[in-house]
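Chain and residue survey
What follows is the residue order along each chain.
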Amino acid sequence: MAAGSGRKRRRKLQLSKLFTLTGAKACFKPDHSRIGRSGFSRVVFCNEPDSPEANSRNYCDNYVRTTKYTLTSFFPKSLFEQFRRVANFYFLVVGILSFTPLAPYTAVSAIVPLTFVILATMVKEGVEDWRRKQQDIEVNNRKVGVHRGNGNFDPTEWKSLRVGDILKVEKNEFFPADLVLLSSSYEDAVCYVETMNLDGETNLKLKQGLEVTLSFREELNFSDFEAFIKCEDPNANLYSFVGTIELNGVKYPLSPQQLLLRGSKLRNTDYIYGAVVFTGPDTKVVQNSTAPPSKRSMIERKMDRIIYLMFLVVVSLAFFGSVLFGISTRDDLQNGVMKRWYLKPDDSRIFFDPKRAPIAAIYHFLSALMLNSSFIPISLYVSIEIVKVLQSFFINQDIHMYYEEADKPAHARTSNLNEELGQVGTILSDKTGTLTCNSMEFIKCSIAGTAYGRAVTEVEMAIGMRKVSALVNQSNGSRTEDAVAAEPAVKGFNFRDERIMDGNWVSETHADVIQKFFRLLAVCHTVIPEVDEDTGKISYEAESPDEAAFVIAARELGFEFFTRTQTTLSVRELDLMTGERVERLYKVLNVLEFSSSRKRMSVIVQDQDGKLLLLSKGADSVMFERLSENGKKYEEATRDHVNEYADAGLRTLILAYRELDENEYEVFTERISEAKNSVSADREALIDEVTEKIEKDLVLLGATAVEDKLQNGVPDCIDKLAQAGIKIWVLTGDKMETAINIGFACSLLRRDMKQIIINLETPEIQQLEKSGEKYAIAEASKENVMRQITNGKVQLKVYGGNSEAFALIIDGKSLTYALEDDMKDIFLDLAIGCASVICCRSSPKQKALVTRLVKIGSGQTTLAIGDGANDVGMLQEADIGVGISGVEGMQAVMSSDIAIAQFRYLERLLLVHGHWCYRRISKMICYFFYKNITFGFTLFLYEAYTSFSTTPAYNDWYLSLYSVLFSSLPVICLGIFDQDVSAHFCLKFPVLYQEGVQNLLFSWRRILSWMFHGFCSAIIIFFLCKTSLESQAFNQDGKTAGREILGGTMYTCVVWVVSLQMVLTISYFTLIQHVVVWGSVVIWYFFLVVYGSLPIRVSTDAYMVFLEALAPAPSYWITTLFVVLSTMMPFFIFSAIQMRFFPMSHGTIKLLRYEDQCSNSGNFEMGRQKSVRRTLVMRSHQPES
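Residues numbered from 1 in each chain as written. Predicted model: local features only at pLDDT ≥ 70, side-chain atom pairs only at ≥ 80, totals over all residues. Heavy atoms only, no water.

**Notes on the overall build of the chain**
Which entries qualify depends on this criterion: Numbering of helices and strands runs from the N terminus; a helix is a DSSP stretch of H or I covering at least four residues, while a strand is a stretch of E covering at least two. Buried means the residue's accessible area, taken with a 1.4 Å probe over protein chains only, is under 20% of the maximum for its type, while exposed means over 50%, and partly exposed covers the values in between. The contact criterion used throughout is that any non-hydrogen atoms of two residues lie within 4.5 Å. Shrake-Rupley sampling with a 1.4 Å probe provides the accessible areas, and residues are treated as covered by the protein chains on show and by no other component.
Helix and strand counts for the chain come out as 39 helices and 37 strands. Residues counted as buried form 56% of the 1185 residues belonging to the chain. A separation threshold of at least 6 residues defines the contact pool for the chain, and within that pool the share at least 24 residues apart is 74%. If you sum the accessible surface of the chain, you get close to 50,300 Å²; carbon and sulfur atoms cover 55% of it.

Written as structure tokens, this is what we have:
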């Protein structure tokens, strides 16, 4: 049959005749008795979605929405989100109060800035949600064939599907809803399904319709098709489905084997027919789509506390002023005369009434709260959001994190956590697919007790300095150094050994065993070959990378599997007697599938000579015990080789076979048929019992070893991250030996490290496990784990807590007990005291629990990185989740905060972008509060100077536009462009990263010092301006300075001071920063001219102030220059002293760079995984005298 544009052909296979453990015959199980009860009440009328009975059910449509807002909910919901922020709510209250007589300024000047900020944020939210809406439209408008009567299938949009519709889904299309499989292009109603979008797994799943529906293979068959399905209600369980289908009055049980889930894809099957049972929000994938956990960075949480602190400052200043105002007002009347006559208290009913001083003080308190609102930066939140979005854009566009081979750039899926990237203290990483490629290569094998394969694994190269590889020495007599690690010419095959390549195996002593070994690899599998008619090349569709690697290896070594039919399998192989290539046909009688409990896979075939052969491959833990006494000839040597392969970081399988006599096979066939057709609940156990009896008395052939290679750059990346003081934990499902050796290969473990190993492979525990007493086993295991943890802590104490000297390795069983409430804190203390931690045989739940323990217990920022669905819990639990967009699907990426294509990009993501983002956001927030305090405190000082009369020093629009127009753009550019050092030096000196881990730039000491600097600047500006302008002529006409002149002069000084402070704060100038910094000053003068030239009813007390009063007066310019220099001088002196005598990391690097000493980084070399102390960074950069 034709198979798409690639012109590939593949024969239809009636796979039900191959698979012993999966068949079209279904059986009723206990759960089926619950059909019709609560939780199992769904009724589907197949092919009759418009019937009255179907319409009465009111099932939801198939439209799926992932947007946060709808057209009607956007405005109210978005407003609610904005005013949940305490600062925005405060300015809303101030805006409302500005309409009352209490306001010290006009209502318009208070409302306009708030409106601008809120609208800007709402526009950003709207744009992001519109993008999600566009994605929804694209998905919901996809089309699929739907039966519309008389056997006609019309293309219909996904969103229009209804429960009961009969669909025709074609090859490589996604399933639009949850379907019950009725039939397929194969005769036995099987189909292959890719569930990558659901569980992250790339291997194909085999689904099969019921025997009763497999005859419906043509469109016309559905013209009068009627069926009645009862099943479970919508739920989130992807791996369960209970239901019945009624055809012609007979009920048949349905199982997960017949369920096709929305989001999965049809593969290797031309088409299928299915009935819709769940639509839209009822589908299992949507039921599983929980909102990702809300993550906020440490800096953002701390910023909220700073806002509360500023509220306290505002309230305290207002309360202090109100008390003094109340006292002054009470004492204002002397002998019937008002002392403060200039405030016109006679015209006031309350505000200045000496007889009602307490009430006047209360009103003053409210007015002062509004006047002092300048202390709270109204544009802080929106500015930070803008900065973070643009920072994310730069991360996405970084060419150094673009993986050209897969055309995948880095992708920051959320911008909320940019600065957290610069504060990571612990990384928790998956291994397979994250540190490794998840691309298997056949690299070594052991046949008849002889090791073959000259290639050197990455692990062997890494541990070559630790010990001589006995494996290579025994196999070829050469030294490890002589082997050259080259890229394989054939994907999946990296085997080199002239003894058995190019047909040379026929000359080996055990040529007959070698022939059986590779014949087994070519026959024992479920792979489907595809032949490209243009090139004649054969490619293989396999359920796992391991399967494909074995078949490819057999082909490259002379045993080419090239054809499969529904009952046969053909192999081209070298005949041992004639030395010529011949085609051999094997009749496939049964396939005993692999499962996690069986840990093996077998096939029963009949060769051309009529021999019945059982070919089996599986894990060493189950295969060696199934060998016959006569089949153990090579067991000892094979065991040694398997252990050496594990030491080399390779995955191993044992290969064995046996010949069956016809009587034995007939008995097996009868028993397996009985077990398959059983309707009892223990059907699976009966099948296992039958297979156990035939998979025994095997003859050992040898073992295979495949390598899951490390990704490029992983060792260097881990080493650099360790130099930055980041601790790395690896959480893997691999065996302990494999994990340890991968640890050496990727530089996680070093030769000088002492390993603290915690496991339950002790004689006493093994003895208890044989007894089967679960309670005793649990108690003894827990006690054993506690003893090992305690001993580990003692070792740490003996070495003075030097974490660099230790690595902790713990297996999954031990981890179960170590994570219990009464032991987890002790375990965490031990783990934190070690430089590296490896958790082996970890389940997905354990990964998430370990991540939570480290996050809560250590108090450090945690980053989890993984690539598969089993890593989702870990990614969501960590402060930052990084998904690897590798070959295990998109589930991890979809649950992550940031996606990268290769582990090595984590180095640049953290040490460069993380460091920059942390510094930028920290400096930006500190500067925001500095500039607002500088501005706001001048207002308070002027109010105090005017007897706390709540008279503002500045014009209303001066007040409103300060944070929005005159000081916001420079600080935004600081957050986007500033760099303390270049990317090259960030990577060259990873010690810089410790500034973020120790939070040196956003500590309370630093925050309060910036605030103190703001208060000092405000005091200098106010008193110097006031003193220089009072009691003397301001201009040549002899006029003294009034409020508008003093206010204009102070405002000019404030704008100049905060702009020059920005100049001193910026480490890396760009043209844009020059434009916005100096442009802010220019805009201020431009505003003075334009606003002052407007009619007096608009400009009020700012009318012609600059043109007629300030600009012509030399004292204005002299005062501005003197005040600005005086204000900036203390900070300039402080910065010079700090840079020279107490430099931070970046400061010292700058000094060395200017002195051309950066070529020698010895002064900065940081020991790996040192404890995080404040003195670490400070002491490590003292320049040599």
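**Details of the sheet that holds strand β18 (residues 411-412)**
To be explicit about the condition: At least two DSSP bridges between two strands are required for those strands to pair. Working convention: axes come from line fits to C-alpha atoms, limited for helices to the stretch in contact. Angles between N-to-C directions cover 0 to 180 degrees.
Spatial strand order, β18-β37-β36-β35-β19-β31-β34-β33-β32: nine strands in an open sheet with mixed pairing. With partners counted over all chains shown, the strands left at the sheet margins are β18 and β32 (754-758), one partner each. Inspection of the sheet shows strand β19 (residues 424-429) paired to strand β31 (residues 727-731) by four bridges, in the parallel sense. Across the sheet, residue Ser429 finds its bridge partner in β31, namely Val730. Contacting β31, β32, β33 (806-810) and β34 (836-839), helix α23 (residues 824-832) runs over the sheet at an angle of about 140° to β33.

**Here's the deal with the packing of aromatic side chains**
We count it as follows: Aromatic pairs are defined between Phe, Tyr and Trp rings, using the six-membered ring for Trp, whenever the two ring centres lie within 6.5 Å; interplanar angles under 30 degrees are classed as stacked, those over 60 as edge-to-face, and all others as tilted. Remark: a charge is flagged as sitting over a ring if the NZ atom of Lys or the CZ atom of Arg is within 6 Å of the ring centre and within 35 degrees of the ring normal.
If you walk through the whole model with that rule in mind, you get 51 aromatic pairs. Ring centres 6.2 Å apart and planes at 90° place the aromatic pair Tyr962 and Tyr1051 in the edge-to-face group. Placement of Tyr962 in helix α28 (residues 956-966) and of Tyr1051 in helix α33 (residues 1043-1065) is noted, with a sequence separation of 89 residues between them. A cation over an aromatic ring shows up here: Arg42 above the ring of Tyr59, its NZ or CZ 4.0 Å from the ring centre. Positioned above the aromatic ring of Tyr271, the side-chain terminus of Lys168 is 5.0 Å from the ring centre.

**Section: the nonpolar core**
Rule in force here: As used in this record, nonpolar core signifies buried Ala, Val, Leu, Ile, Met, Phe, Trp, Tyr and Cys residues forming a set joined through side-chain atoms within 4.5 Å.
Ranked by internal contacts, the top residues of the largest apolar core, which has 108 residues, are Ile376, Tyr954, Tyr958, Tyr1051 and Trp1084. The element contributing the most residues to this core is helix α27 (residues 905-945), with 16 residues.

**Things to note about α23**
Counted only if it meets this: Picture the helix axis, draw a direction to every C-beta atom, and the arc is the one those directions span.
Within α23, burial applies to Phe827, Leu828, Leu830 and Ala831. For α23, the angular spread of the buried residues around the axis is 160°, confining them to a single face.

**A short note on the sheet that holds strand β8 (residues 190-194)**
Pairing is antiparallel across the open sheet formed by three strands, whose spatial order is β9-β8-β14. Each edge of the sheet is formed by a strand with only one pairing partner; in this case those strands are β9 (205-208) and β14 (265-267). When the angles between neighbouring strand axes are averaged without regard to direction, this sheet yields 45°.

**Re the UniProt feature "active site" (unreviewed entry) in the chain**
Threshold: UniProt positions are given in the numbering used here, feature names are shortened, and annotations may be inferred rather than shown by experiment. N or O atoms closer than or at 3.5 Å make up a polar contact, with two conditions inside protein: a donor-capable atom paired with an acceptor-capable one, and, for residues adjacent in sequence, both atoms drawn from side chains.
Per the UniProt record, the feature "active site" (unreviewed entry) sits at Asp430. In this fold, Asp430 is placed in the loop between β19 and β20 (436-447). Sequence-distant contacts of Asp430, defined by excluding residues within four places in its chain, comprise Leu435, Leu731, Lys847, Ile865, Gly866, Asp867, Asp871 and Met874. For Asp430, the side chain forms a polar contact with the side chain of Thr434, separated by 3.3 Å.

**Regarding the pattern of salt bridges**
Worth spelling out the cut-off: Salt bridges are defined by distance alone: a side-chain nitrogen of Lys or Arg within 4 Å of a carboxyl oxygen of Asp or Glu.
Evaluation of the coordinates by the stated rule reveals 40 salt bridges. Salt-bridge contacts for Glu664 lead to Arg658; the nearest nitrogen and oxygen are separated by 2.7 Å. Residue classification places Glu664 among the partly exposed residues on the basis of a relative accessible area of 24%. We note a salt bridge from Lys847 to Asp871, for which the minimum N-O separation is 2.9 Å. Taken together, the residues Lys847 in helix α24 (residues 844-858) and Asp871 in the loop between β35 (861-866) and α25 (872-877) connect sequence positions 24 residues apart. Judged by relative accessible area, which is 0%, Asp871 ranks as buried. Look at the salt bridges and you will find they share partners, linking Arg454, Asp497, Glu498 and Arg499 into a network.

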